[in-house]
Amino acid sequence: MNNFKKIPNKANKGGRPAGSGQQLKPAARLQKSRQARAAAGAARLDITLNNLTATALEQLVSHWGCKTRKEAIERAITTAAAMISR
């Protein structure tokens, strides 16, 4: 009869890989991500568009084949900036 206690092996546990760090709650993860982007120089916009502008934005999304409104806004800003710098 074996009198040794079984020692759990952490390598055999499921879940996140070893050394990946503790998983943050969604709110904390979002805040950390926003802080990292802000530190890298990114600007955060929180805007509400009127109906006419929102319709125009959806048309741009469709016309340019963008996957998101954010992508269309970034493309519009880049296009406008290129026109100004000419």
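Residues numbered from 1 in each chain as written. Predicted model: local features only at pLDDT ≥ 70, side-chain atom pairs only at ≥ 80, totals over all residues. Heavy atoms only, no water.

What about the overall build of the protein?
A tally of regular secondary structure across the protein gives 3 helices and 0 strands. Taken from N to C terminus, the helices and strands of the protein fall in the order α-α-α. Classification of the 86 residues of the protein by burial places 5% in the buried group. Accessible area for the protein stands at about 8,400 Å²; split by element, carbon and sulfur atoms hold 56% of it. (Helix = DSSP H or I, 4+ residues; strand = E, 2+ residues; numbered from the N terminus. Buried < 20%, exposed > 50% of the residue type's maximum accessible area, 1.4 Å probe, protein only. Areas by Shrake-Rupley, 256 points an atom, 1.4 Å probe, with all protein chains shown as cover.)

Details of the confidence of the model for the protein
Scored by pLDDT, the protein has a mean of 83; 74% of the residues are at 70 or more. Mean pLDDT across the elements of the protein bottoms out in helix H1 (residues 26–39) (85) and peaks in helix H2 (residues 51–64) (97). (pLDDT = per-residue confidence, 0-100.)

Some remarks on the pattern of salt bridges
Opposite charge on two side chains permits them to pair, given that their charged atoms come into close proximity. Tallied over the full model, the rule gives 2 salt bridges. Among the salt bridges present, the one from Glu58 reaches Arg69, with a minimum N-O distance of 3.8 Å. Taken together, the residues Glu58 in helix H2 and Arg69 in helix H3 (residues 69–84) connect sequence positions 11 residues apart. (Salt bridge = Lys/Arg side-chain N within 4 Å of Asp/Glu carboxyl O.)

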